Amino acid sequence: MDKMTIKDFKGESNIDIIKSIMKMNNGYVTSKELSNFGIHRMYLNIMKEKSMIEKVGNGIYIDSSKIEDSYFVFGLGLPNIIYSHMTALYFQGLSIKAPNDKFDITVTNNYFNYKIKNHNVFYVDKDVYELGLTEVETPMGNKVKAYDIERCICDIIRSKNRMDSEHVKHSIREYVKRKDKDLVKLSKYAEKLGVKKEVMDYVVIFYG
């Protein structure tokens, strides 16, 4: 589908256009999006003063009738982070650990932002940063960047000293039960990440 422009909203007021954008975005709108449509950001202030929207992040607003999705807002405000490890597995039904306010995230070695300092941050080289990158839905139905299940299984084994051992075992046990698992992909990822023997050993144990 072609990218929408202001011409697609013929006859609508700027506030109605913002409402339409929010409807398409599950209740969210960013000041950057408005700039792309040529709409002045003052309309966000007008809507905020009328309690039509609430500010939930830097340049990020939500329809006042919606409940904020902290995972989505965090990812929207920090596009360089990728949800990983137990947080990504939680989104995909393979972790019993709800992330709460502390998320497992992965970034490149040279990345820093003060907003990530209170989270579980994993630093990786650029050549494996996008390995297994996909989009998954948060519990509230918003899409965020995360690693697929094979990458996450490799990561929790690779970083097992920073993980709860029972949570690691649970996730691997549940993974081997999954009909959509891809052991060939898992093996390739594990080799690329330098943990092939360890990962395969775990899989053999839980297949038994």
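Heads up: the structure comes first, above all this text.
These figures come from a predicted structure and were not determined experimentally. (Residues numbered from 1 in each chain as written. Predicted model: local features only at pLDDT ≥ 70, side-chain atom pairs only at ≥ 80, totals over all residues. Heavy atoms only, no water.)

### Focus on the overall build of the protein
Alright, step 1. Regarding its fold elements, the protein presents ten helices and eight strands.
Alright, step 2. Over its C-alpha atoms, taken along the principal directions, the protein stretches across nearly 65 × 35 × 30 Å.
Alright, step 3. Here the protein, with 208 residues, has 45% of them falling under the buried criterion.
Alright, step 4. Excluding contacts between residues fewer than 6 apart, the proportion of contacts in the protein whose partners are at least 24 apart in sequence is 55%.
Alright, step 5. Here the protein has roughly 11800 Å² of accessible surface; of this, 48% comes from carbon and sulfur atoms.
Alright, step 6. Computed over 33 positive and 28 negative side-chain charges, the inter-centroid distance for the protein is 2 Å. (Helix = DSSP H or I, 4+ residues; strand = E, 2+ residues; numbered from the N terminus. Buried < 20%, exposed > 50% of the residue type's maximum accessible area, 1.4 Å probe, protein only. Contact = heavy atoms within 4.5 Å. Areas by Shrake-Rupley, 256 points an atom, 1.4 Å probe, with all protein chains shown as cover. Lys, Arg positive; Asp, Glu negative; His and termini not counted. Charge placed at Lys NZ, Arg CZ, Asp CG, Glu CD.)

### Considering the environment of methionine 200
Alright, step 1. Within the secondary structure, methionine 200 is located in helix α10 (residues 196–207).
Alright, step 2. Apart from the residues within four sequence positions on either side, methionine 200 is in contact with Leu186 and Ser187.

### Comments concerning a nonpolar patch on the surface
Alright, step 1. Among the surface-exposed residues, Phe112, Tyr114 and Tyr123 lie close enough to one another that they form a single nonpolar patch of about 400 Å² accessible area.
Alright, step 2. Within the secondary structure layout, tyrosine 123 lies in strand β6 (residues 120–124). (Patch = residues over 30% accessible without salt bridge, like charges linked within 9 Å, V, L, I, M, F, W, Y side chains within 5 Å. Salt bridge = Lys/Arg side-chain N within 4 Å of Asp/Glu carboxyl O.)

### Some thoughts on the sheet that holds strand β3 (residues 60–63)
Across a sheet, paired strands are connected by hydrogen bonds in the backbone, their directions being either parallel or antiparallel.
Alright, step 1. Ordered by their spatial adjacency, three strands build an open sheet running β1-β3-β2, and the pairing between neighbours is antiparallel. The two strands at the open ends of the sheet, each matched to only one other strand, are β1 (28–30) and β2 (53–57). The average angle at which neighbouring strand axes cross in this sheet is 35°, direction not considered.
Alright, step 2. Pairing of β2 with β3 involves four bridges; the strand directions are antiparallel. Bridging from a neighbouring strand, isoleucine 53 pairs with aspartate 63 of β3.
Alright, step 3. The sheet strands contacting helix α3 (residues 42–49) are β1, β2 and β3, and the helix crosses β2 at an angle near 115°. (Pairing = 2+ DSSP bridges. Axes fitted to C-alpha atoms, helices over the stretch in contact; angles between N-to-C directions.)

### Observations concerning the state of the cysteines
Alright, step 1. Evaluated as defined, the whole model comprises zero disulfides.
Alright, step 2. Between cysteine 154, a cysteine without a disulfide, and cysteine 152, which holds the nearest cysteine sulfur, the sulfur-to-sulfur distance is 9.3 Å. (Disulfide = S-S within 2.5 Å.)

### Let's talk about the nonpolar core
Alright, step 1. Residues Ile81, Tyr83 and Ile156 are the most contacted members of the largest nonpolar core, which totals 51 residues.
Alright, step 2. A per-element tally of this core places helix α7 (residues 149–158) first, with six residues.
Alright, step 3. Judged by nonpolar contacts, the second largest core, of 13 residues, contains Ile18, Val29, Phe37 and Met47. (Core = buried A, V, L, I, M, F, W, Y, C linked by side-chain atoms within 4.5 Å.)

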